[in-house]
Amino acid sequence: MAAAAEKAPDVRAGPDISIIVPCYNEVGNVGPLVAALARALDGRRWEAIFVDDNSPDGTTAAVHAIARTDSRVRGLCRIGRRGLSSAVIEGALSSSAQIVAVMDGDMQHDESRLGALIDAVQSGACDIAVGSRHVEGGDNSGLANAWRHTLSDGGIKLAQMLLPVRLGDPMSGFFALRQDTFARIAPHLSGTGFKILVDLLLSSPQPLQVQEIACGFRARVAGESKLDALVMLQFVALLLDKLCRGWLPLRFVAFALVGVVGIGTNLLVMQCARALGADFPLAQGIGTVVAMIVNFQLDNNFTYRDRRLRGVRCVWGLLLFMVVCSVGALANVGVADMVYNQSRAFNEASVAGALIAVVWNYAMSSTIIWRP
């Protein structure tokens, strides 16, 4: 009798839809976004999972404050990890809902179009529904300036060259798909960078059926945009990684891209120094030092963004990086000279030396300078 008299636990059905919101320094947008989702998804069982990369502005605290009074809101704070794609992966895999949708935390995506994205997936009309700015009815005016328009348009053209499906807006960060579809693709994802949609489409073992839903892209109200040249470099590295089918580590691809920038910097600075009257050895030395500094800054903010060095560690890291690269340069010359003496083939010798140098620099950088 006593057991029968005990009150049964209040067990309620979980959400049908999880909205994954990767965010960093978006404290001013958390409350307005939750309110907007409540209006847009009225009548549906939903939850919002904010995945925050330990924002210093208190984004996680703002999420938790709302979650205490609204069970539809969850916060996942990641310590020591950065990046939109990996945040989306962790958020989506934590969901038990049938449908997962992804949107940015900056209020630029039109949440009123969420219903159309979700319905398209639930109906079976497509595997993934994409909120597109580049179909009839879409709007791209929310990008801050012409430079960001250029970055976005360039990324779209690059992605369209490799995608197995026709897609007008592969740079979109606003889409929905079934959770089991996401889980099936997740082991194949690179998880690096900011363009998770392209990663999904290129990583899926089977081609996905895509449907584009027109949506607007609003101007940002609070916070700062994350789209910059470094993000686009990461995007190019992602495409190269997929083109190589994972044979080359994505971080190595990024490291090599930065090395190309360093070569260009070296040549430019050397020519400027020569124009100012410096002799060749001095000009080459100045160009080499400047190129090392530029390479270090790019690697610190791009290749090893998740292991970024700051403060005193950054200074020591730069000095160690220059030592490592100097050894790599000596190895470059030594191997090239050895190959040339054996084959008398100038180009082959030069390439062999360069390959030895980049592999050495990458190995030392990953294990000593930016060690996990």
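It should be emphasised that the depicted structure is a prediction, and the values quoted were computed from it without experimental measurement. (Residues numbered from 1 in each chain as written. Predicted model: local features only at pLDDT ≥ 70, side-chain atom pairs only at ≥ 80, totals over all residues. Heavy atoms only, no water.)

**Q** Could you give an account of the packing of aromatic side chains, naming the residues involved and the relevant values?
**A** One pass over the structure, following the stated rule, counts six aromatic pairs. Geometrically, the ring pair formed by tyrosine 304 and tryptophan 370 is stacked, given 4.5 Å between the ring centres and 5° between the ring planes. Of this pair, tyrosine 304 sits in the loop between α11 (280–303) and α12 (311–343) while tryptophan 370 sits in the segment after α13 (346–369); the two residues are 66 residues apart in sequence, bridging distant segments of the chain. Overall, tyrosine 304 belongs to the buried group, its relative accessible area being 0%. A relative accessible area of 0% places tryptophan 370 in the buried class. Among the aromatic residues, those joined into a cluster by ring pairs are Phe296, Tyr304, Phe321 and Trp370. (Phe/Tyr/Trp six-rings, centres within 6.5 Å; stacked < 30°, edge-to-face > 60°. Helix = DSSP H or I, 4+ residues; strand = E, 2+ residues; numbered from the N terminus. Buried < 20%, exposed > 50% of the residue type's maximum accessible area, 1.4 Å probe, protein only.)

**Q** Describe the pattern of salt bridges, with residues and values.
**A** Tallied over the entire structure, the rule returns nine salt bridges. A salt bridge links arginine 44 to aspartate 119, with the nearest nitrogen and oxygen atoms 3.2 Å apart. Of the two residues, arginine 44 is situated in the loop between α2 (27–40) and β2 (46–52) and aspartate 119 in helix α5 (residues 114–122); the sequence distance between them amounts to 75 residues. The salt bridge involving glutamate 90 is made with arginine 78; its shortest N-O contact spans 2.9 Å. Here the residue glutamate 90 occupies a position in helix α4 (residues 84–93), and arginine 78 occupies one in the loop between β3 (73–77) and α4, the gap between them amounting to twelve residues. Note on arginine 78: relative accessible area 0%, which makes it buried. Taken together, the shared-partner salt bridges in this structure form one network comprising Asp53, Arg78, Arg81 and Glu90. (Salt bridge = Lys/Arg side-chain N within 4 Å of Asp/Glu carboxyl O.)

**Q** Can you explain the packing of helix α10 (residues 250–275) against α11? Please cite residues and give values.
**A** Two elements in contact, α10 and α11, have axes whose closest approach is 7 Å; the angle formed by their N-to-C orientations is 150°. With respect to each other, α10 and α11 are oriented roughly antiparallel. Crossing geometry of α10 relative to α11 is assigned as right-handed. Grouping the constituent residues of the contact of α10 with α11 by class yields 15 nonpolar, nine polar and three charged. (Axes fitted to C-alpha atoms, helices over the stretch in contact; angles between N-to-C directions. Parallel < 35°, antiparallel > 145°, perpendicular 65-115°, else oblique. Left-handed = near helix turned anticlockwise from the far one by under 90°. Nonpolar A, V, L, I, M, F, W, Y, C, P; charged D, E, K, R; others polar.)

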